[in-house]
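# Residue-level structural notes
Spelled out, the chains give:
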Amino acid sequence: MNILVTGGAGYIGSHAVKRLSEAGHRVVVLDNLDRGHRAAVPGHVLFEPLDMRQTEAVTDMLAGHEIECVMHFAAVADVSESVQQPLRYYHNNTGGSISLLHAMDAAGVRRLVFSSTCATYGVPPPDSLPITEDMTQSPISPYGWSKLLFERVLRDYAAANSDFAFAALRYFNVAGCASDGSLGEDHDPETHIIPVLLNAAMGKIPKATIFGDDYATPDGTCIRDYVHVEDLVDAHVVVMDALQNGDQRFYNLGIGRGYTVRQVVEAAKKVTGVDFQVEIGPRRPGDPPQLYANADKITRELNWQAKITDIERIVETAWRWFKRHPNGYGD
């Protein structure tokens, strides 16, 4: 199949490109390299240095490569930043996605797998955990709203086009790196907890910060569901293969339980063997105390289930890449 991966030079997108290429698909990457890395895209994969807001150029590219399905990862994805820069998030994540859908419509591409987020659920009541797909969606950050708005656009577009099919996959915390050490996580600035901890272990930063230790959780730190990036992209392939005309599918992707930030810190110290410094900082705006998934729906319907669920094993895969690439992708 001819597949376009938007954001394919980014963390999750590059892992999807690897997985799809290994499965024999013809992959094209679209990325404006705002936060992606050209080195994360293999030389044999076609690379289009476009922004998805360039509607006409994207239309021509989709038609020229005879794209049959789009895996849409391109987004800015920092909850705290979205609170400070809401227009950037709506312009890129919502507006850019609508531009992409316009281009797909014009080029006759009828399949889309969308990278959504658990941030669309907002702050779930404690008695509602783990989160199911039918829970009320009430984001507390512009990032969450920017994704939820496009879910709404997809519903309306699909209702008017019976030959179109999409899936919105609501991620929980994506973590880890390619098990073979070939791909990793390299953000600037880095806000994801595991890379921050590993940077502290390598001495690249003087200390790691825990944002809040006064939440109503067992050790006072936030609880999150960490799903390994390879499990996540496997879910995308399973969903893509299952899409039929008229499908509107919504799935949570997670392991079904959470780890506290302190548990992740201890796992990083154990895996690296380094007792790096950790400080307690203030809470970040837009951070719910607990988020973890009920992913039974995708297991029941498509037989997908996360395989790498132990936090130390997840950290080990990241540490393997970080040790080999202390300067990330070097760009």
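Keep in mind the model is a prediction, meaning the values are calculated, not measured. (Residues numbered from 1 in each chain as written. Predicted model: local features only at pLDDT ≥ 70, side-chain atom pairs only at ≥ 80, totals over all residues. Heavy atoms only, no water.)

## Observations regarding the overall build of the protein
What counts here: Strands here mean DSSP runs of E at least two residues long; helices mean DSSP runs of H or I at least four residues long; both are numbered from the N terminus. Within these notes, the globule rule equals 2.2 Å times the number of residues to the 0.38 power, and the radius of gyration is based on C-alpha atoms. The buried label goes to any residue with under 20% of its type's maximum accessible area, the exposed label to any with over 50%, and the partly exposed label to all in between, with areas taken from a 1.4 Å probe on protein chains only. We call two residues in contact whenever any of their non-hydrogen atoms come within 4.5 Å of each other. Reported accessibility uses the Shrake-Rupley method at a 1.4 Å probe radius. Residues are deemed covered only where the shown protein chains occlude them. We score Asp and Glu as negative and Lys and Arg as positive, and we do not count His or the chain ends. The location of each charge is read from NZ of Lys, CZ of Arg, CG of Asp or CD of Glu.
A count of helical and extended segments in the protein gives 10 helices and 14 strands. Against the 2.2 N^0.38 benchmark of 20 Å for 331 residues, the protein shows a C-alpha radius of gyration of 19 Å, consistent with a compact globule. Principal axes of the C-alpha set define a box for the protein whose edges measure 55 × 45 × 40 Å. Counting the 331 residues in the protein, one finds 57% classified as buried. Put simply, 78% of the contacts in the protein that link residues at least 6 apart link residues at least 24 apart. Surface accessibility of the protein: about 13,500 Å² in total, with carbon and sulfur atoms responsible for 48%. Looking at charge distribution, the protein has the averaged site of its 30 positive side-chain charges lying 2 Å from that of its 42 negative ones.

## Considerations on the packing of helix α6 (residues 193–201) against helix α10 (residues 311–324)
Threshold: An axis is simply a line fitted to the C-alpha atoms; with a helix, the fit covers only the stretch in contact. Between two such axes, the angle follows the N-to-C directions and lies from 0 to 180 degrees. Should an angle fall under 35 degrees it is called roughly parallel, over 145 degrees roughly antiparallel, and 65 to 115 degrees roughly perpendicular, with every other angle called oblique. What makes a crossing left-handed is the near helix being turned counterclockwise from the far one by less than a right angle; a clockwise turn instead makes it right-handed. Think of it as three bins: nonpolar holds Ala, Val, Leu, Ile, Met, Phe, Trp, Tyr, Cys and Pro, charged holds Asp, Glu, Lys and Arg, and polar takes everything else, Gly as well.
At their nearest, the axes of α6 and α10 sit 10 Å apart, and the two run at 60° to each other. Looking at the two axes, α6 sits oblique to α10. Classified by chirality, the crossing of α10 by α6 is right-handed. Judged by residue contacts, I194, P195, L198, N199 and A201 of α6 engage I311, I314, V315, A318, W319 and F322 from α10. For the contact of α6 with α10, the residue count by class is 10 nonpolar, 1 polar and no charged.

## A short note on the sheet that holds strand β9 (residues 223–224)
Our working definition: Note on pairing: two strands pair once DSSP finds at least 2 bridges between them.
Ordered in space as β12-β9-β14, the 3 strands form an open sheet in which the pairing is mixed. Only two strands of the sheet have a single neighbouring strand rather than two, namely β12 (259–260) and β14 (290–291). As paired elements, β9 and β12 share 2 bridges and run antiparallel to each other. Paired with I223 across the two strands is T260, which belongs to β12.

## Re the side chain of E151
Within the secondary structure layout, E151 lies in helix α5 (residues 142–160). What makes E151 buried here is its relative accessible area of 1%. Beyond its immediate sequence surroundings of up to four residues, E151 is in contact with F114, S116, T120, Q137, A168, R170 and F250.

## Side note on the nonpolar core
Heads up, the rule is: Grouping buried Ala, Val, Leu, Ile, Met, Phe, Trp, Tyr and Cys residues that are joined through side-chain atoms within 4.5 Å yields what is termed a nonpolar core.
With 73 residues, the main nonpolar core has I12, M71, I194, I298 and I311 as its most contacted residues. Of the residues forming this core, the biggest block, 8 residues, is contributed by helix α7 (residues 229–242). Among all residues touching I194, those that are not within four sequence positions of it are A175, V264, I311, I314, V315 and A318.

## Digging into helix α1 (residues 11–22)
Working note: α-helix, 3.6 residues per turn, so residues spaced by three or four point in the same direction. The following threshold applies: An expected span of 1.5 Å times one less than the residue number is assigned to each helix.
Over its 12 residues, α1 extends 17 Å from the first C-alpha to the last, a length consistent with the 16 Å expected when each residue adds 1.5 Å. The buried fraction of α1 is high, at 9 of 12 residues. Remark: G24 follows α1 within two positions and exhibits a positive phi of approximately 95°.

## Here's the deal with the pattern of salt bridges
Our working rule: Salt bridges are counted wherever a side-chain nitrogen of Lys or Arg sits within 4 Å of a carboxyl oxygen of Asp or Glu.
This structure, assessed with the given rule, holds 17 salt bridges. Where R88 meets E81, a salt bridge forms, and the shortest distance between an N and an O atom there is 3.5 Å. Measuring nitrogen to oxygen at the nearest pair gives 3.8 Å for the salt bridge that ties R249 to E301. Linking R249 in strand β11 (residues 248–253) with E301 in helix α9 (residues 296–302), this pair joins segments that are 52 residues apart in sequence. For E301, a relative accessible area of 42% corresponds to the partly exposed category.

## Quick look at the sheet that holds β11
Across the sheet, which stays open at both edges, the 7 strands sit in the order β3-β2-β1-β4-β5-β6-β11 with parallel pairing between neighbours. Two strands in the sheet have a free side with no partner beyond their single neighbour: β3 (46–48) and β11. On average, adjacent strands in this sheet sit at an angle of 20° to one another, irrespective of strand direction. Where strand β4 (residues 69–72) and strand β5 (residues 111–117) come together, 3 bridges link them in parallel fashion. Paired with M71 across the two strands is V113, which belongs to β5.

## What to know about the pairing of β11
Across the 6 residues of β11, 5 count as buried, placing the element largely inside the fold. Pairing between strand β6 (residues 165–171) and β11: 6 bridges, direction parallel. Bridge pairing links Y171 to L253 in β11.

## A look at the pairing of strand β1 (residues 2–6)
Looking along a regular strand, one sees side chains alternate from face to face of the sheet. To be explicit about the condition: Note on handedness: a clockwise path from strand one over the helix to strand two, with the strands aimed away from the viewer, defines a right-handed crossover.
A large share of β1 lies buried, amounting to 5 of its 5 residues. On β1, burial covers both faces: N2, L4 and T6 on one face and I3 and V5 on the other are all buried. In this structure, β1 lies alongside strand β2 (residues 26–30), joined through 5 bridges in parallel fashion. When the bridges of β2 are listed, T6 appears paired with L30. Where the polypeptide runs from β1 across α1 and back to β2, its parallel neighbour, the crossover connection is right-handed. Across 4 bridges, the pairing between β1 and β4 is parallel. Directly across from T6, in β4, lies its bridge partner H72.

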